[in-house]
Amino acid sequence: MNILIVDDEEKIREVIGEYCKNEGYQTTTATNGQEALEQLQNSDCDLLILDIMMPKMDGFELLKNIPESKRVPIIILSARDDEIDKLEGFRLGIDDYVTKPFSPKELMARVRAVANRSNIEKKEIYVLDTLEVNFKAHTIKIDNKRIDVTPKEFEILSYLINNKNIAISREQLLTKVWKYDFFGEDRTIDTHIKMLRNNLGKYRNLIETVRGIGYKFNDEE
């Protein structure tokens, strides 16, 4: 996998590049949105790690100018942690948002999750023992019997599976499932998780509560 790292701070580019190398990823770099746009147009990359605050063209402006044919999974890495910035990022189609200061190991975990999600979506079906989740058909089966869930419950489960074994905050679930125009409270997530667990029956414990953060789908023994 080739990752394009876009950040105007050289040290950050170097640190991310070193961790990517250790994970077996190839990397290219850009110091601003304009450079990144040129690289996207002239070469192939599989994933983009993108800062927001940069000279010439910032991250949001870059997101607006990426041609549809060059769209790849995108993780924003920014010191801006305001909710409005996160919502704007998700509105523009990003896959994840990580705030600085950051843990390089956590960032690599999120890179893997985004990459895995892309692969899972291509496979269309997730299977674990007798649990089957069909992302395309929006169906869940347990012991070959269809389980009825609400559309929101299905979207929550899909997002957790696509980011399996990584803690996902309630805020992330709200922005991904209810989209950027949701103005409710995160207790909504807890209510839907409770109903989803009940519907999953013997697989309810796959959805773990991560204290102080949110939830994760854990399919590791």
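Structure first, text after, so check above.
What counts and what doesn't
- Residues numbered from 1 in each chain as written.
- Predicted model: local features only at pLDDT ≥ 70, side-chain atom pairs only at ≥ 80, totals over all residues.
- Heavy atoms only, no water.
- Helix = DSSP H or I, 4+ residues; strand = E, 2+ residues; numbered from the N terminus.
- Contact = heavy atoms within 4.5 Å.
- Pairing = 2+ DSSP bridges.
- Axes fitted to C-alpha atoms, helices over the stretch in contact; angles between N-to-C directions.
- Buried < 20%, exposed > 50% of the residue type's maximum accessible area, 1.4 Å probe, protein only.
- Polar contact = N/O pair within 3.5 Å; in protein donor to acceptor, adjacent residues only side chain to side chain.
- Expected span 1.5 Å × (residues − 1).
- Arc of directions from axis to C-beta.
- Phe/Tyr/Trp six-rings, centres within 6.5 Å; stacked < 30°, edge-to-face > 60°.

Asker: Just give me the short version of the environment of leucine 62, but keep the residues and values in it.
Answerer: Secondary-structure assignment places leucine 62 in helix H3 (residues 59–65). Discounting chain neighbours no more than four positions away, the residues touching leucine 62 are Gly33, Ala36, Leu37, Leu48, Leu50 and Met57.

Asker: If you had to explain the pairing of strand E8 (residues 139–142) to someone new, which residues and values would you point to?
Answerer: Of the pairings in the sheet, the one linking strand E7 (residues 131–134) to E8 comprises four bridges and is antiparallel in character. Within E8, the residue paired with leucine 131 across the bridge is isoleucine 142. What sits between E7 and E8 in their antiparallel hairpin is a turn of four residues, with histidine 138 showing a positive phi close to 60°. Across three bridges, the pairing between E8 and strand E9 (residues 145–147) is antiparallel. In the strand pairing of E9, lysine 141 is matched with arginine 146. Counting the residues that bridge the hairpin from E8 to E9 gives two residues, and of these aspartate 143 lies at a positive phi of roughly 55°.

Asker: Explain the sheet that holds strand E12 (residues 214–217) residue by residue, including any values.
Answerer: Strand order across the open sheet formed by three strands is E10-E12-E11, with antiparallel pairing between neighbours. Unpaired on one side and paired on the other, strand E10 (168–169) and strand E11 (207–210) mark the two borders of the sheet. As paired elements, E11 and E12 share four bridges and run antiparallel to each other. Each residue of the ladder has a partner; that of glutamate 208, found in E12, is lysine 216. Lying over the sheet, helix H6 (residues 151–162) contacts E10, E11 and E12, oriented at roughly 70° with respect to E12.

Asker: Quick rundown of the side chain of asparagine 218? Include the residues and the values.
Answerer: Counting through the fold element by element, asparagine 218 comes out in the segment after E12. You can call asparagine 218 buried: its relative accessible area is 16%. A distance of 3.0 Å separates a polar atom in the side chain of asparagine 218 from the backbone nitrogen of glutamate 220. Not counting chain neighbours up to four residues away, the residues in contact with asparagine 218 comprise Asn165, Leu206 and Glu208.

Asker: How would you sum up helix H8 (residues 187–200)? Please name residues and give values.
Answerer: Under the 1.5 Å per step criterion, the end-to-end length of H8 is 20 Å for 14 residues, consistent within 8% with the ideal 20 Å. Regarding H8, the residues found buried are Ile189, Asp190, His192, Ile193, Leu196, Arg197 and Leu200. In an axial view of H8, the angular spread of the buried residues amounts to 165°, which keeps them on one side of the axis. In H8, those exposed residues whose orientation departs by more than 90 degrees from the buried face are Arg187 and Lys194. In this fold, the buried residues of H8 make contact with E7, E8, H6, helix H7 (170–177), E11 and E12.

Asker: So, the packing of aromatic side chains: which residues are in play, and what are the values?
Answerer: If you walk through the whole model with that rule in mind, you get one aromatic pair. On the numbers, 5.8 Å between centres and 85° between planes, the contact of tyrosine 126 with phenylalanine 217 is edge-to-face. Taken together, the residues tyrosine 126 in strand E6 (residues 125–128) and phenylalanine 217 in strand E12 connect sequence positions 91 residues apart. Residue tyrosine 126 shares its accessibility class with phenylalanine 217, and that shared class is buried.

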